[in-house]
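This is what each chain is made of:
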Amino acid sequence: QSALTQPPSATGSPGQSVTISCTGTSNDVGGWRWVSWYQQHPGQAPKLLIYDAFKRPSGVSDRFSASKSGNTASLTVSGLQPEDEADYFCASYQHNNNLIFGGGTMLTVL
Amino acid sequence: QVELVESGGDLVKPGESLRLSCVASGFTFSDYYMGWVRQAPGKGLEWVSYINIGSNTIHYADSVKGRFTISRDNSRSSLSLQMSSLRVEDTGVYYCARDGRSVVTAFNWHFDLWGRGTLVTVSS
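Values in this document were obtained by computation on a predicted structure and should not be read as measured data. (Residues numbered from 1 in each chain as written. Chains lettered and ligands numbered in written order. Predicted model: local features only at pLDDT ≥ 70, side-chain atom pairs only at ≥ 80, totals over all residues. Heavy atoms only, no water.)

A. Up close: the interface of chain A and chain B. Taken residue by residue, the interface counts 19 residues in chain A and 22 residues in chain B. Where chain A abuts chain B, roughly 1700 Å² becomes buried across the two surfaces, and 63% of that area is made up of carbon and sulfur atoms. Here chain A and chain B share 0 salt bridges between them. At the boundary of chain A and chain B, one finds 3 residue pairs in polar contact (both at pLDDT 80 or more). When residues of the side of chain A that touches chain B are traced back to their parent elements, those giving at least two are strand S3 (35-40), strand S7 (86-94) and strand S8 (98-101) of chain A. Within the side of chain A that touches chain B, the residues separate by chemical class into 10 nonpolar, 7 polar and 2 charged. (Contact = heavy atoms within 4.5 Å. Buried area = accessible area lost by both parts, 1.4 Å probe. Salt bridge = Lys/Arg side-chain N within 4 Å of Asp/Glu carboxyl O. Polar contact = N/O pair within 3.5 Å; in protein donor to acceptor, adjacent residues only side chain to side chain. Helix = DSSP H or I, 4+ residues; strand = E, 2+ residues; numbered from the N terminus. Nonpolar A, V, L, I, M, F, W, Y, C, P; charged D, E, K, R; others polar.)

Laid out in structure tokens, this is it:
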């Protein structure tokens, strides 16, 4: 059950866009539609941003979008705002009824 | 108010047991699959376990299989995690989480509602 690979950090300026990648294998990201993304501010619980690779729950800003190609999923945050500064985690179903997470990406808004 | 509230976290020694609880409110608990996710201090998220509505299908991460038992009581809107043979590496905040229910009678492998978590510390 190896973790998915995310860059440890990402940086952007207010108003810019930033994309965070999440790389797995054909046994997880590449093989199933069940990829999700979470935002976590310090000391808080995670918040669901994206599910089923690209779907956005009601109430989540449309500045958050996602896609998947092969074994890599991506989260794009557009129009960066100071409150977007947080940790972002991807997750994927893995063959044989497992759920694995990425190591997390700390997004800094300069 | 839709929320999940965990309790039961504590400081325990390696090899000991602990039971975590989670009480749901503001939604029909018996309509949702539920799970536990943990986070070691300063680390990422790790899925622990998942249970369907009728408690007849349960999944565990390999790291806890055989040591942890998830259960639920729909009449009390509660979810539990019985943890035994605890190890130092089990230390972390344990979150109770609600399945996203994008497909009603299935594990959807994402969580749309999380509690604030309860801290479990395993140390000698």
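Once you've had a look at it, read on.
B. Looking closely at the pairing of strand S3 (residues 18-25) of chain B. All names here are of chain B. With burial as the criterion, only one face of S3 is covered, namely that bearing Leu18, Leu20, Cys22 and Ala24; the residues Arg19, Ser21, Val23 and Ser25 on the opposite face remain uncovered. Across 6 bridges, the pairing between S3 and strand S8 (residues 78-83) is antiparallel. Of the residues in S8, the one forming a bridge with Arg19 is Gln82. (Buried < 20%, exposed > 50% of the residue type's maximum accessible area, 1.4 Å probe, protein only. Pairing = 2+ DSSP bridges.)

C. Region of the structure containing the nonpolar core. Ranked by internal contacts, the top residues of the largest apolar core, which has 26 residues, are Trp36(B), Leu79(B), Leu81(B), Met83(B) and Tyr94(B). Counting residues per element, the ones that place at least two in this core are S3, strand S4 (34-39), strand S5 (45-51), strand S7 (68-73), S8, strand S9 (92-99) and strand S11 (118-122) of chain B. A total of 4 residues in this core trace back to one element, the largest contributor, which is S3(B). Excluding residues within four positions of it along the chain, Leu79(B) makes contact with Leu20(B), Ser21(B), Cys22(B), Phe29(B), Met34(B), Gly35(B), Trp36(B), Ile51(B), Ile70(B), Ser71(B), Arg72(B) and Cys96(B). Membership of the second largest hydrophobic core comes to 24 residues, among which are Ile20(A), Cys22(A), Val29(A) and Tyr88(A). (Core = buried A, V, L, I, M, F, W, Y, C linked by side-chain atoms within 4.5 Å.)

D. Structural view of the environment of Ile51(B). Residue and element names in this part refer to chain B. Within the fold, Ile51 resides in strand S5. For Ile51, a relative accessible area of 0% puts it in the buried group. For the pair Ile51 and Trp109, spaced 58 residues apart in sequence, the C-alpha separation works out to 11 Å. Sequence-distant contacts of Ile51, that is, excluding residues within four places in its chain, are made with Tyr33, Met34, Thr57, Ile58, Ile70, Ser71, Arg72, Leu79 and Phe107.

E. Fine view of the side chain of Ser36(A). Structurally, the position occupied by Ser36(A) is in strand S3. Side chain to side chain, Ser36(A) and Tyr38(A) meet in a polar contact 3.4 Å long.

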